[in-house]
Amino acid sequence: GSGVSVETKHASVTFSAEGVDIGLEGDLKEHYDRVQGGIKWVKRIKRIGSKVAAGEIGTAFEIIKEEIIKENLVGNEMYLYLIDELTGDPVQAEGWPIKITEPSELVPY
């Protein structure tokens, strides 16, 4: 469609009635993709937090199952980590993380 385009050596931006299209190359594209990924996570956390605050724990858990667990599951294994509340780091001790290889009703594959 018609619109206005601005181009540089590593980036282009096109403004049209359909919206904004951004074209990036190299490091700029990598950084842009990371920022977009971060925005996606912030929106998820906001939705989950809003559901928890409203007392809709079941709905919050459904969001976690459908949008986080299923999307980020690689293969048929998951790991449960114990997180140190003071440092926010995973606990590194014998038996941790716990490898989960069998699905359950609460955490399906």
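Quick note: structure is the one above.
Every value quoted in this text rests on a predicted model; they were computed, and no experiment measured them. (Residues numbered from 1 in each chain as written. Predicted model: local features only at pLDDT ≥ 70, side-chain atom pairs only at ≥ 80, totals over all residues. Heavy atoms only, no water.)

Caption draft 1: Geometry of the overall build of the protein. Helix and strand counts for the protein come out as 2 helices and 5 strands. Mapped from its N terminus to its C terminus, the protein presents α and β elements in the order β-β-β-α-α-β-β. Of the contacts made within the protein by residues no fewer than 6 positions apart, 24% connect residues no fewer than 24 positions apart. When the accessible surface of the protein is split by element, carbon and sulfur atoms take 57% of a total near 8700 Å². (Helix = DSSP H or I, 4+ residues; strand = E, 2+ residues; numbered from the N terminus. Contact = heavy atoms within 4.5 Å. Areas by Shrake-Rupley, 256 points an atom, 1.4 Å probe, with all protein chains shown as cover.)

Caption draft 2: Expanded view of the environment of Ile63. With respect to the element layout, Ile63 can be found in helix H2 (residues 57–72). A relative accessible area of 6% means that Ile63 is categorised as buried. The spatial distance from the C-alpha of Ile63 to the C-alpha of Lys51 is 9.5 Å, given a sequence separation of 12 residues. (Buried < 20%, exposed > 50% of the residue type's maximum accessible area, 1.4 Å probe, protein only.)

Caption draft 3: Just helix H1 (residues 26–53), in detail. Here H1 spans 41 Å end to end across 28 residues, near enough to the 40 Å set by a 1.5 Å rise per residue. Directly beyond the C-terminal end of H1, a positive phi value near 80° is found at Gly55. (Expected span 1.5 Å × (residues − 1).)

Caption draft 4: The sheet that holds strand S1 (residues 3–7), seen in detail. Taking strand neighbours across the sheet as the criterion, the 3 strands line up as S1-S2-S3 in an open arrangement whose pairing is antiparallel. Strands at the two margins of the open sheet, each flanked by one partner only, are S1 and strand S3 (19–24). The sheet shows a mean angle of 10° between the axes of neighbouring strands, taken without regard to direction. (Pairing = 2+ DSSP bridges. Axes fitted to C-alpha atoms, helices over the stretch in contact; angles between N-to-C directions.)

Caption draft 5: Expanded view of a nonpolar patch on the surface. Residues Val4, Val6, Phe15, Val20, Ile22 and Tyr32 make up a contiguous nonpolar surface patch of roughly 520 Å² in combined accessible area. For the nonpolar patch, the elements supplying multiple residues, two or more each, are S1 and S3. Mapped onto the elements of the fold, Tyr32 is located in helix H1. According to the relative accessible area criterion, Tyr32 is partly exposed, its value standing at 32%. (Patch = residues over 30% accessible without salt bridge, like charges linked within 9 Å, V, L, I, M, F, W, Y side chains within 5 Å. Salt bridge = Lys/Arg side-chain N within 4 Å of Asp/Glu carboxyl O.)

Caption draft 6: Layout of the pairing of strand S2 (residues 11–16). When S1 meets S2, the two strands line up antiparallel, connected through 5 bridges. Across the sheet, residue Ser5 finds its bridge partner in S2, namely Thr14. Remark: 3 residues form the turn of the hairpin made by S1 and S2, two consecutive strands paired antiparallel. One ladder, built from 6 bridges, connects S2 with S3; its direction is antiparallel. Across the sheet, the residue bridging to Val13 is Ile22, located in S3. The antiparallel hairpin formed by S2 and S3 contains 2 residues in its connecting segment.

Caption draft 7: Inspection of the pattern of salt bridges at higher detail. Per the counting criterion, the structure on display carries 6 salt bridges. Lys29 serves as the salt-bridge partner of Asp33, at 3.2 Å between the closest nitrogen and oxygen. On the criterion of helical spacing, the pair formed by Asp33 and Lys29 is a turn pair, its members being 4 residues apart in helix H1. Through salt bridges that share partners, Arg44, Arg47 and Glu67 make up one connected network.

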